[in-house]
Amino acid sequence: MSNHAPTAAKAKNDRALRFYRDVLGLERLHYGMWLPEDELTMEALKAAQKRYEDFLIDSVPEGARRILDVGCGTGELCLHLKDRGYDVHGLSPDINQKKVFAEKVEAPFHFTRFEDSHLEGGYDVIIMSESCQYIPIDKVFDVAAKALKPGGHLMVCDYFVLDQNAGELSKSGHDYEAFMAKAEASRFEIVKSRDVTLDIRKTLEIADGWTDKILLGADIFTEKFREKNPFIWKILVWLFGKKYQKAVSQKVLLDADRFSEVKKYEFFLFQLG
Ligand SMILES: C[S@@+](CC[C@H](N)C(=O)[O-])C[C@H]1O[C@@H](n2cnc3c(N)ncnc32)[C@H](O)[C@@H]1O
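Our subject in this report is the structure included herewith. Predicted model, so just to flag it, every value in this text is computed and none were measured. (Residues numbered from 1 in each chain as written. Predicted model: local features only at pLDDT ≥ 70, side-chain atom pairs only at ≥ 80, totals over all residues. Heavy atoms only, no water.)

### Some words on the pattern of salt bridges
Move 1: Counted according to the given criterion, the structure contains 16 salt bridges.
Move 2: Of the charged contacts in the structure, one is a salt bridge between R66 and D87, with a shortest N-O distance of 2.7 Å. Of this pair, R66 sits in strand β2 (residues 66-70) while D87 sits in strand β3 (residues 87-92), placing them 21 residues apart in sequence.
Move 3: The exposure class assigned to R66 is partly exposed, which follows from its relative accessible area of 32%. (Salt bridge = Lys/Arg side-chain N within 4 Å of Asp/Glu carboxyl O. Helix = DSSP H or I, 4+ residues; strand = E, 2+ residues; numbered from the N terminus. Buried < 20%, exposed > 50% of the residue type's maximum accessible area, 1.4 Å probe, protein only.)

### What about the packing of aromatic side chains?
Move 1: Across all of its chains, the model carries 17 aromatic pairs by this definition.
Move 2: Where F141 meets F179, the ring centres are 5.3 Å apart and the plane angle is 40 degrees; that geometry is what we call tilted. Of the two residues, F141 sits in helix α5 (residues 137-147) while F179 sits in helix α6 (residues 176-185), which places them 38 residues apart along the sequence. For the pair F141 and F179, one class covers both residues: buried.
Move 3: On the basis of an interplanar angle of 75 degrees and a centroid distance of 5.8 Å, the ring pair of F160 and Y176 is categorised as edge-to-face. Residue F160 is found in strand β6 (residues 148-161), and its partner Y176 is found in helix α6; the two are separated by 16 residues along the sequence. Judged on exposure class, the residue F160 and its partner Y176 are both buried. (Phe/Tyr/Trp six-rings, centres within 6.5 Å; stacked < 30°, edge-to-face > 60°.)

### Notes on a nonpolar patch on the surface
Move 1: Among the surface-exposed residues, F225, F231, I232, I235, W238, L239 and F240 lie close enough to one another that they form a single nonpolar patch of about 790 Å² accessible area.
Move 2: Here the nonpolar patch gets six residues from one element, more than from any other, and that element is helix α8 (residues 230-249).
Move 3: Using a relative accessible area of 49% as the deciding quantity, one classes L239 as partly exposed. (Patch = residues over 30% accessible without salt bridge, like charges linked within 9 Å, V, L, I, M, F, W, Y side chains within 5 Å. Areas by Shrake-Rupley, 256 points an atom, 1.4 Å probe, with all protein chains shown as cover.)

### Here's the deal with helix α2 (residues 42-58)
Move 1: Compared with the 24 Å implied by 1.5 Å per residue over 17 residues, the 24 Å span of α2 between its first and last C-alpha is a close match.
Move 2: Listed as buried for α2 are A44, L45, A48, Q49, Y52, E53, F55, L56 and I57.
Move 3: Buried residues in α2 make contact with α3 (76-83), β5 (123-129), β6, β8 (188-195), α7 (197-228) and β9 (263-272). (Expected span 1.5 Å × (residues − 1). Contact = heavy atoms within 4.5 Å.)

### Quick notes on the packing of α2 against α3
Move 1: For the pair α2 and α3, interaxial distance at closest approach is 11 Å and the crossing angle is 50 degrees. Considering their axes alone, α2 and α3 lie oblique with respect to each other. When the axes of α2 and α3 are compared, the crossing they make is right-handed. Side by side, α2 and α3 meet where E53, L56 and I57 of the first sit next to E76, L77, H80 and L81 of the second.
Move 2: Each residue belonging to the contact of α2 with α3 can be placed in one class, and the counts come to four nonpolar, one polar and two charged. (Axes fitted to C-alpha atoms, helices over the stretch in contact; angles between N-to-C directions. Parallel < 35°, antiparallel > 145°, perpendicular 65-115°, else oblique. Left-handed = near helix turned anticlockwise from the far one by under 90°. Nonpolar A, V, L, I, M, F, W, Y, C, P; charged D, E, K, R; others polar.)

Here it is as structure tokens:
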């Protein structure tokens, strides 16, 4: 198994995973796919995530056997691919995900960043579910081409940036045009694609609602304290004010209308020529 894991970036990922699992009770780390009639509830979010996963699995080309799930998160997709009879391998540079995967899935795991992996020619399909954005754009297609069998498929489902001048919203996701140009110049061709921006928007709406409640709750909770302890409150603002301001300023990341204007969430199935 590859073992070129970085140590620096992992703490952030560990915290995110623990927040999703321990605080929100979610096993999956992606946006999911909602139905127009869905209510904004936790149950509907979980169902949307399952629907998204089924969509990916149903999109695996016929005849495929060995699949690599790049950035496999908590191993949920691998588990279900395995249940459907595929020979599945996970890959992630995150030590916590490595542990969770080992507890959950009986399958090989590559503890490495994809761009540092040296996997050769063994896979029928590579899946990048919301993980492509973390892999340097120059490496995505070249490293995938080496790891796939001739005629193999690369599945990418992720969000991309349409407008590089959209502040916080431009900071995550590959630039759409640059990604398409890399795809065009690569040995892959697109055999299937679907714009799923509308299908994911309720995840932003539900998260935006939660954030509003948390900020309001913090305000109510601290009201009395602020009145009684103005001096201590000043110190706390000095210590933690920036974090609070950052949380408020990052709320734009959850604005579904703005997301749809400046970003695009898309599914691609590429085939290696
Ligand atoms: C948003 S999560 C998505 C997890 C999972 N694929 C899903 O759909 O629920 C992003 C995943 O990408 C992984 N990741 C981050 N950087 C990576 C890299 N350079 N190579 C491979 N995976 C990476 C993270 O550890 C995490 O598993």
